[in-house]
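# Residue-level structural notes
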Amino acid sequence: MWTSDAVLVVTVRTTCNNSGLGGKLSDTAADGLDLIEKLGYRRPLTPSGVYRGEVIRIAVLLELSVGDSLDGWKVVEAVGEIDLSTAHRVETLCVDLIDEGNHLLVVDLRRVVFMDSTGLAVLLRVLKLVKEHDGDLVVTCVKGPVRRVLAVSGADRRITVRQEAHPDDQV
Amino acid sequence: MVKHEPLKLEVPADARYLPTVRLFAGAVGQQFGMSEDRVEDLKLATSDTCAWLMRWRSGQDSPPNVVISVSPDGDGLQVVVESDRPGPAETKPRVPVEDDDEVHLGLDLIEALTGEIRITEEESATTVTFSLSLEAQTRPLTSEVPLPGDKHQPDG
């Protein structure tokens with residue numbers, strides 16, 4: 001299940017090419033277009049089917065998906081950045097899952113490249129909620145900015161942090 | 001010694017601009033030779049400072065701007081974040097957005113990363129200042145951030 005309100009900002013600077021041969025795509029533009037396709041969006045095409053121009057900015061803020069693990073844990077995977085503008089979506093999704101009776105949650109942050117204190121506060125609130133239902137929360141992340149936030153704040157002593165999405169895997 | 005003028009970015013006090021703030025902070029950190037880990041600290045501290053000011057704005061009309069200035073400071077960088085309206089001082093009425101502990105979690109986190117954070121309140125503006133060394137701290141951080149729900153424990 002993919003949430004539908006993820007933000008994708010793409011700015012394309014069109015170059016004029018009177019020869020009709022199409023502009024040569026820069027590496028940046030090619031990477032950007034590849035990313036668009038990987039995320040399931042359709043590549044922007046000119047009427048002739050020739051890409052012209054340069055993708056100068058792409059911002060994928062946050063994608064969320066929900067899956068099941070074998071032993072009944074719900075796995076919320078986040079991809080992107082969690083900050084003041086996106087953290088509420090993580091919280092809403094987790095609270096909805098808890099309300100549906102899912103009290104064993106894994107929040108998979110291995111593909112999150114940034115998380116601030118707003119995201120940290122959400123994790124702590126979700127932990128509190130699942131504990132109220134005798135459940136548990138496991139956060140998965142690798143070494144990097146997210147792991148550092150959890151470590152510096154001391155939250156990793158309160159929340160179980162692992163490197164793999166399956167809650168039974170060892171750190 | 002070459003004197004550097006502060007590098008500045010001005011954005012609306014809107015959380016949608018936080019990724020732009022992080023791009024700016026990351027680029028400036030790299031420009032001045034910060035280590036990779038320290039660049040991440042700079043992005044986090046700068047973004048969280050802006051978020052703290054922006055969150056306070058959420059209950060007010062027309063969003064003001066936030067100005068981020070970064071300049072060399074000894075063996076590190078000094079970051080000044082200014083907002084052209086009063087900030088969430090203890091003495092002022094708060095916008096009841098969240099639990100107080102959570103409102104201050106960001107500032108506590110910045111303090112843990114930088115060692116010191118200075119907040120200047122004036123009638124028409126709030127300024128937050130902190131500095132980061134170019135290299136990441138090698139000693140383990142001993143100051144743990146008081147998390148929401150923590151009870152105050154006396155030292156010792």
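Owing to the predicted nature of the structure, the values given are computational and were not obtained by experimental measurement. (Residues numbered from 1 in each chain as written. Chains lettered and ligands numbered in written order. Predicted model: local features only at pLDDT ≥ 70, side-chain atom pairs only at ≥ 80, totals over all residues. Heavy atoms only, no water.)

Turning our attention to the state of the cysteines. Tallying each qualifying case throughout the model produces 0 disulfides over all chains. Just so you know, cysteine 94 of chain A is unpaired, no disulfide at all, and the nearest cysteine sulfur is the one on cysteine 141 of chain A, 15 Å from it. (Disulfide = S-S within 2.5 Å.)

This brings us to the sheet that holds strand E1 (residues 7-12) of chain B. All names here are of chain B. With antiparallel pairing, the 5 strands of this open sheet are ordered in space as E1-E2-E3-E5-E4. Each edge of the sheet is formed by a strand with only one pairing partner; in this case those strands are E1 and strand E4 (117-121). Strand-to-strand, the axes of this sheet are offset by a mean angle of 15°, without reference to chain direction. Pairing of E1 with strand E2 (residues 65-73) involves 6 bridges; the strand directions are antiparallel. Across the sheet, leucine 7 pairs through a bridge with valine 70, a residue of E2. (Pairing = 2+ DSSP bridges. Helix = DSSP H or I, 4+ residues; strand = E, 2+ residues; numbered from the N terminus. Axes fitted to C-alpha atoms, helices over the stretch in contact; angles between N-to-C directions.)

Okay, the interface of chain A and chain B next. Chain A puts 24 residues into the contact, and the matching count from chain B is 30 residues. Carbon and sulfur atoms supply 59% of the area that chain A and chain B bury against each other, a total of about 2,200 Å² over both sides. The interface formed by chain A and chain B holds 3 salt bridges in total. Taking the shortest distance from any N to any O, the salt bridge between arginine 22 of chain B and glutamate 81 of chain A comes out at 2.8 Å. Counting across the chain A and chain B interface gives 4 residue pairs in polar contact (both at pLDDT 80 or more). Secondary-structure elements contributing two or more residues to the side of chain A that touches chain B are strand E5 (104-115), helix H3 (117-132) and helix H4 (145-153) of chain A. When residues in the side of chain A that touches chain B are grouped by element, the largest group, 6 residues, is from H3 of chain A. Of the residues contributing to the side of chain A that touches chain B, the split by class is 11 nonpolar, 5 polar and 8 charged. (Contact = heavy atoms within 4.5 Å. Buried area = accessible area lost by both parts, 1.4 Å probe. Salt bridge = Lys/Arg side-chain N within 4 Å of Asp/Glu carboxyl O. Polar contact = N/O pair within 3.5 Å; in protein donor to acceptor, adjacent residues only side chain to side chain. Nonpolar A, V, L, I, M, F, W, Y, C, P; charged D, E, K, R; others polar.)

Here we come to helix H1 (residues 18-31) of chain B. All names here are of chain B. Here H1 is 14 residues long and its end C-alpha atoms lie 20 Å apart, about the 20 Å a rise of 1.5 Å per residue gives. Within the span of H1, buried status applies to Leu18, Pro19, Val21, Arg22, Phe24, Ala25, Gly26, Val28 and Gly29. Following H1 by one or two positions, glycine 33 has its phi on the positive side, about 80°. (Expected span 1.5 Å × (residues − 1). Buried < 20%, exposed > 50% of the residue type's maximum accessible area, 1.4 Å probe, protein only.)

As a further point, take the pairing of E2 of chain B. Regular strands place side chains that alternate from one sheet face to the opposite one. Where E2 of chain B lies against strand E3 (residues 76-83) of chain B, 8 bridges are found, and the strand directions are antiparallel. Opposite proline 72 of chain B, over in E3 of chain B, you have leucine 77 of chain B as the bridge partner.

Let's shift gears to the packing of helix H2 (residues 87-99) of chain A against H3 of chain A. Two quantities define a packed helix pair, namely the angle between the axes and the distance from one axis to the other. All names here are of chain A. Close contact between H2 and H3 brings their axes to 9 Å; oriented N to C, the two are set at 10°. Classified by the angle their axes make, H2 and H3 are roughly parallel. Between H2 and H3, the contacting residues are Ala87, Val90, Glu91, Cys94, Val95 and Ile98 on the first element and Thr118, Gly119, Val122, Arg125, Val126, Leu129 and Val130 on the second. Along the lines of polarity and charge, the residues of the contact of H2 with H3 split into 9 nonpolar, 2 polar and 2 charged. (Parallel < 35°, antiparallel > 145°, perpendicular 65-115°, else oblique.)

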